[in-house]
Amino acid sequence: MRSRTKTTTSALAAAALIGGGLAACVPADGRASDVGSRARASQSPGAPASPGASGPASPSAPSDAKGGPALAGLSGAEILTRAGEATRKAQSMHVTATVEYEAKPMRIDLSLDKKGNCNGAVRLDGMGKMDIIKSPDLVHFRGDADYWRGAAKQKHASQKQTDQMVAVLADRWVKLPAADPRAAPMTGSCNLGKLTDDLGKGSPLARKGETGTVDGTPALAVTSPARQGTQTDWIATQGTPYILKSSISGDTTGAVTFSAFDVPVDTASPKDSDVLDLSKTGGAVGESV
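Residues numbered from 1 in each chain as written. Predicted model: local features only at pLDDT ≥ 70, side-chain atom pairs only at ≥ 80, totals over all residues. Heavy atoms only, no water.

Visitor: Before we go on, may I ask you to explain the confidence of the model for the protein in this structure?
Guide: Segments scoring low in pLDDT should not have their predicted coordinates read at a detailed level. Per-residue pLDDT for the protein averages 77, and the proportion of residues at 70 or more is 73%. Per-element confidence in the protein is highest for strand β7 (residues 207-214), whose mean pLDDT is 94, and lowest for helix α3 (residues 33-41), whose mean pLDDT is 37. Within the model, the stretch residues 6-67 combines pLDDT values under 50 with 142 contacts to residues more than four positions away or in other chains. Segment residues 283-289: pLDDT under 50, and 26 contacts once partners within four positions in sequence are set aside and those in other chains are kept. (pLDDT = per-residue confidence, 0-100. Helix = DSSP H or I, 4+ residues; strand = E, 2+ residues; numbered from the N terminus. Contact = heavy atoms within 4.5 Å.)

Visitor: For this particular structure, what's the right way to read the nonpolar core?
Guide: The nonpolar side chains of a soluble globular protein tend to be buried, and buried together. Membership of the largest hydrophobic core comes to 58 residues, with the highest contact counts inside it found for Trp148, Ile235 and Phe258. Ranked by residues supplied to this core, first place goes to strand β1 (residues 92-101) with five residues. (Core = buried A, V, L, I, M, F, W, Y, C linked by side-chain atoms within 4.5 Å. Buried < 20%, exposed > 50% of the residue type's maximum accessible area, 1.4 Å probe, protein only.)

Visitor: What am I meant to see in the pattern of salt bridges here?
Guide: Side-chain pairs of opposite charge can arise whenever the charged atoms involved come near each other. All chains considered together, the criterion is met by six salt bridges. Across the salt bridge formed by Asp180 and Arg182, the nearest N and O atoms sit 2.9 Å from each other. On the basis of relative accessible area, Asp180 is assigned to the buried category, the value being 15%. Residue class for Arg182 comes out buried when judged on its relative accessible area of 12%. (Salt bridge = Lys/Arg side-chain N within 4 Å of Asp/Glu carboxyl O.)

Visitor: Can you help me understand the sheet that holds strand β10 (residues 243-250) in this one?
Guide: Picture the strands of a sheet paired through backbone hydrogen bonds; they go either parallel or antiparallel. Read across the sheet, 12 strands follow the order β7-β8-β9-β10-β11-β1-β2-β3-β4-β5-β6-β12 without closing on themselves; strand pairing throughout is mixed. Only two strands of the sheet have a single neighbouring strand rather than two, namely β7 and β12 (276-277). In the sheet, strand β9 (residues 229-236) pairs with β10 via seven bridges, with the strands oriented antiparallel. Each bridged residue has a counterpart across the sheet, and for Gly229 the counterpart in β10 is Gly250. (Pairing = 2+ DSSP bridges.)

Visitor: I keep staring at the packing of aromatic side chains and nothing clicks. Help me out?
Guide: The geometry of an aromatic ring pair comes down to the distance between the two centres and the angle between the two planes. Across all of its chains, the model carries two aromatic pairs by this definition. Relative to Trp148, the ring of Tyr147 lies with its centre 4.9 Å away and its plane at 80 degrees, an arrangement referred to as edge-to-face. Just as Tyr147 is buried, Trp148 falls in that class too. When the centroid spacing of 3.8 Å and the interplanar angle of 10 degrees are considered together, the rings of Tyr242 and Phe261 count as stacked. (Phe/Tyr/Trp six-rings, centres within 6.5 Å; stacked < 30°, edge-to-face > 60°.)

Visitor: How should the packing of helix α6 (residues 145-154) against helix α7 (residues 159-169) be read in this particular structure?
Guide: Axes are the key here: two packed helices are described by the angle between their axes and the distance separating the axes. One way to put it is that α6 packs onto α7 with a least axis distance of 9 Å and a crossing angle of 145 degrees. The hand of the α6/α7 crossing is right-handed. Across the interface between the two elements, Ala145, Trp148, Arg149, Ala151 and Ala152 from α6 touch Gln159, Thr162, Asp163, Met165, Val166 and Leu169 from α7. Partitioned by chemical class, the residues of the contact of α6 with α7 number seven nonpolar, two polar and two charged. (Axes fitted to C-alpha atoms, helices over the stretch in contact; angles between N-to-C directions. Left-handed = near helix turned anticlockwise from the far one by under 90°. Nonpolar A, V, L, I, M, F, W, Y, C, P; charged D, E, K, R; others polar.)

Visitor: Looking at this model, I keep getting lost on the state of the cysteines. Mind explaining?
Guide: A disulfide bridge is the covalent bond that connects two cysteines by way of their sulfur atoms. According to the stated counting rule, one finds one disulfide in the structure shown. Across the disulfide from Cys118 sits Cys190; the S-S distance is 2.0 Å. With Cys118 in strand β3 (residues 118-124) and Cys190 in the loop between α8 (184-187) and α9 (192-196), this pair connects stretches of sequence that are 72 residues apart. Judged by its relative accessible area of 2%, Cys190 is buried. (Disulfide = S-S within 2.5 Å.)

Visitor: Is there a simple way to explain unusual backbone geometry in this structure?
Guide: Its identity is not glycine, yet His156 carries a phi of approximately 55 degrees, on the positive side. Relative to the helices and strands, His156 is located in the loop between α6 and α7. Classification of His156 as exposed rests on a relative accessible area of 72%. Phi is positive for Asp215, close to 50 degrees, though the residue is something other than glycine.

Rendered as structure tokens:
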């Protein structure tokens, strides 16, 4: 059976904030020296994974009514279905994840909504970190030095070109109109609908497990077999039965946490006077950055 954790995080990884973003934001012809002039010109396995974000779950006292009154009479599969429906109805949420992407650890921290707005960061070992803020009108992104060195490496840039790119772009906010095709590789992860599409599509073999807390919220674990091992979903037992955490243990490991349901995403532009406006550089992305 397919792991919902892998599906969820793959939706983020496939957006290629690190991978595709690199390819979209480097000189296609290797002319990294153009970056400086254009920038200046634009100046005008086993047990269920613990649910806590930073530590193990806090076990609750045993209860005959697992999951509280609203969930007590439901099977594990029914609980997952109900939780998935509730989570998919959320208009916005905060997502954090730690997964493997192309055999490297990837850490994701994003707030996003169904309007396509997002604010957060993605870090991939060996490829650096990228921050992103997407509003209805603009996309801002900022890569660190490792990000741009990875970009240069993908384009087989020389050491001199690499150093020029890092000097101009490292830790600097860059912006594009949201409608600009060059922004597409960096904004696919902002699709909340795609991210939550597979949530709660439970296995008939799902089974209710222990009770605990996820970031202080009482929750019930529901475990089910998956191709990669054991899937564990932690469902809120107070208030709306959102999925609070989903993890996989076994041949593949990973975890995703969900919080801040229906909290508006902060899409305010960075308060930085040294933002590089790619809309003023002209030309294809390969000729801009």
